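Next come the chains, spelled out residue by residue.
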Amino acid sequence: REEVVLVGRSNVGKSTLMRELTGHSKFTTGGKPGVTRSPNHFDWTSENFMFTDLPGFGFMSGVEEERREQIKTDLVRYIESNADDVLAAVLVVDGKSVIDIIDRHSGPDEIPHDVELFHFLWDLDVPTIVAVNKMDKVDDRDERLDDLCDRLGLHPPWKQWRETIAPISAKRGDIDALNEALRTRFHEQKRDDLLKFV
Ligand code: GDP
């Protein structure tokens, strides 16, 4: 079984994205998998493939330190106990506000939650894709995405990181970049699985 977990603050568009993802995967399993080529088609989606929203992890801001630590502990436990199934994590951010939020929360004693979560998932060896949502509201697209790379500790330009940075607009159904990044992860995983038997 393959599982993709979605994490992110509230209001970044996780539910909208989830609807978009699962709507299309239902469409896929009901139709002719691997044949139709519609823009957001999951032609690699197996029947057992699933997306898991991790509720609670979106509510990191405004909660006290103790609760945040608990949320993180829960996240680690969840991923550790499902490690064999978890193909990737999708960290959803709001492209319009993410840089401001990160910069506002950066300081000598403070790491912004999105940045922390990103590193944290990498440390757990979970391939993490940052779905930069609401790109329909962003004018300076390349600059914004380069800034995000910089804040995440990835060397700009963002175009070098297409497997990690996926600009999307869930509301408009434009999630090709995320599909592409997931497809890459999926193929990498399949290759690793095959190599185990060599
Ligand atoms: P969640 O709290 O992360 O699950 O966020 P929701 O899916 O409920 O979305 C929060 C708000 O953002 C809603 O008003 C959505 O219509 C809006 N939204 C979601 N995706 C997009 C997008 O791609 N572009 C724009 N402009 N708005 C979006």
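Here the structure is a predicted model, which means the values were calculated and not measured. (Residues numbered from 1 in each chain as written. Predicted model: local features only at pLDDT ≥ 70, side-chain atom pairs only at ≥ 80, totals over all residues. Heavy atoms only, no water.)

K.L.:
Could you clarify how one ought to interpret the overall build of the chain in this entry?
P.N.:
Helix and strand counts for the chain come out as six helices and five strands. In sequence order, the secondary structure elements of the chain are arranged as β-α-β-α-β-α-α-β-α-β-α. Sequence-distant contacts, at least 24 apart, represent 72% of the contacts inside the chain between residues at least 6 apart. A total accessible area of about 10700 Å² is found for the chain, and carbon and sulfur atoms account for 49% of it. (Helix = DSSP H or I, 4+ residues; strand = E, 2+ residues; numbered from the N terminus. Contact = heavy atoms within 4.5 Å. Areas by Shrake-Rupley, 256 points an atom, 1.4 Å probe, with all protein chains shown as cover.)

K.L.:
Please explain the packing of helix 2 (residues 65–81) against helix 4 (residues 113–123) as it appears in this structure.
P.N.:
Helix packing for two helices is described by the angle between their axes and how far apart those axes are. Contact geometry for helix 2 and helix 4: axes closest at 12 Å, N-to-C directions at 30°. When the axis of helix 2 is compared with that of helix 4, the two are roughly parallel. In the packing of helix 2 onto helix 4, the handedness of the crossing is right-handed. Note on element contacts: helix 4 touches helix 2 through His113, Glu116, Leu117, Phe120 and Leu121, opposite Arg68, Lys72, Leu75, Val76 and Ile79. (Axes fitted to C-alpha atoms, helices over the stretch in contact; angles between N-to-C directions. Parallel < 35°, antiparallel > 145°, perpendicular 65-115°, else oblique. Left-handed = near helix turned anticlockwise from the far one by under 90°.)

K.L.:
Any chance you could explain the environment of Glu80 here in plain terms?
P.N.:
Assignment of secondary structure puts Glu80 in helix 2. On a C-alpha basis, the gap between Glu80 and Leu124 in space is 8.0 Å, while along the polypeptide they are 44 residues apart.

K.L.:
What exactly am I supposed to notice about the site of the ligand here?
P.N.:
Taken together, 15 residues sit near the ligand, with Asn11, Lys14, Ser15, Thr16 and Asp136 positioned nearest. A distance of 3.0 Å separates an oxygen atom of the ligand from a polar atom in the side chain of Lys134. Residue contributions to the shell around the ligand peak at three residues, all from helix 1 (residues 14–30). Of the residues belonging to the shell around the ligand, the class tally is two nonpolar, seven polar and six charged. (Near = heavy atom within 4 Å. Polar contact = N/O pair within 3.5 Å; in protein donor to acceptor, adjacent residues only side chain to side chain. Nonpolar A, V, L, I, M, F, W, Y, C, P; charged D, E, K, R; others polar.)

K.L.:
I tried to follow a positive patch on the surface on my own but got confused; where do I start?
P.N.:
On the surface, Lys96, Lys137, Lys171 and Arg172 cluster together to form a positively charged patch. Following the sequence through the fold, Lys96 ends up in the loop between strand 3 (86–94) and helix 3 (98–104). (Patch = residues over 30% accessible without salt bridge, like charges linked within 9 Å, V, L, I, M, F, W, Y side chains within 5 Å. Salt bridge = Lys/Arg side-chain N within 4 Å of Asp/Glu carboxyl O. Lys, Arg positive; Asp, Glu negative; His and termini not counted. Charge placed at Lys NZ, Arg CZ, Asp CG, Glu CD.)

K.L.:
Before we go on, may I ask you to explain the packing of aromatic side chains in this structure?
P.N.:
Centre-to-centre distance and the angle between the planes together describe a pair of aromatic rings. Tallying each qualifying case throughout the model produces one aromatic pair. Measuring from centroid to centroid gives 6.3 Å for Phe118 and Trp122, while their planes differ by 80°, and the two rings are edge-to-face. A residue pair is termed a helical-turn pair when its members lie 3 or 4 positions apart in one helix, as Phe118 and Trp122 do in helix 4 at four residues. (Phe/Tyr/Trp six-rings, centres within 6.5 Å; stacked < 30°, edge-to-face > 60°.)

K.L.:
In this structure, what is going on with helix 2? I would like to understand it.
P.N.:
Residue pairs spaced three or four apart in an α-helix point in one direction, given the helix's 3.6 residues per turn. Here helix 2 contains 17 residues, and its C-alpha end-to-end distance of 24 Å stays within 8% of the 24 Å for a straight helix at 1.5 Å per residue. Listed as buried for helix 2 are Arg68, Ile71, Lys72, Leu75, Val76 and Ile79. For helix 2, the angular spread of buried residues about the axis comes to 135°, placing them on one side. Seen from the buried face of helix 2, the exposed residues on the opposite side, beyond 90 degrees, are Glu66, Arg77, Glu80 and Ser81. Close packing links the buried residues of helix 2 with strand 1 (3–7) and helix 4. (Expected span 1.5 Å × (residues − 1). Buried < 20%, exposed > 50% of the residue type's maximum accessible area, 1.4 Å probe, protein only. Arc of directions from axis to C-beta.)

K.L.:
Would you mind going over the pattern of salt bridges with me for this structure?
P.N.:
It is possible for side chains of opposite charge to pair when their charged atoms get near one another. With the rule as written, the count across this model stands at eight salt bridges. Of the charged contacts, one joins Arg151 and Asp103 as a salt bridge, the two residues approaching to 2.7 Å between their closest N and O atoms. Taken as a pair, Arg151 in helix 5 (residues 141–152) and Asp103 in helix 3 lie far apart in primary sequence, 48 residues in all. Judged by relative accessible area, Asp103 falls into the partly exposed class, the value being 35%. The residue Arg185 makes a salt bridge to Glu188 at a minimum N-O spacing of 3.3 Å. Of this pair, Arg185 and Glu188 both sit in helix 6 (residues 176–196), three residues apart, which is roughly one turn of the helix. Overall, the relative accessible area of 8% leaves Arg185 in the buried class. Here the salt bridges do not stand alone but share partners, grouping Asp103, Asp150 and Arg151 into one network.

K.L.:
What is the right way to read unusual backbone geometry from this model?
P.N.:
Excluding glycine, residues mostly have negative phi values, and the peptide bonds linking residues are mostly trans. For the peptide bond that leads from Pro156 to Pro157, omega is 5°, which places it in the cis range. Structurally, the position occupied by Pro157 is in the loop between helix 5 and strand 5 (165–167). Despite not being glycine, Asp125 has its phi angle at roughly 65°, a positive value. Examined against the element boundaries, Asp125 turns out to sit in the loop between helix 4 and strand 4 (128–133). Here Lys134, not a glycine, exhibits a phi torsion of approximately 65°, which is positive. Turning to its location among the elements, Lys134 is positioned in the loop between strand 4 and helix 5. Residue Lys134 is classed as buried on the basis of its relative accessible area, which comes to 19%.

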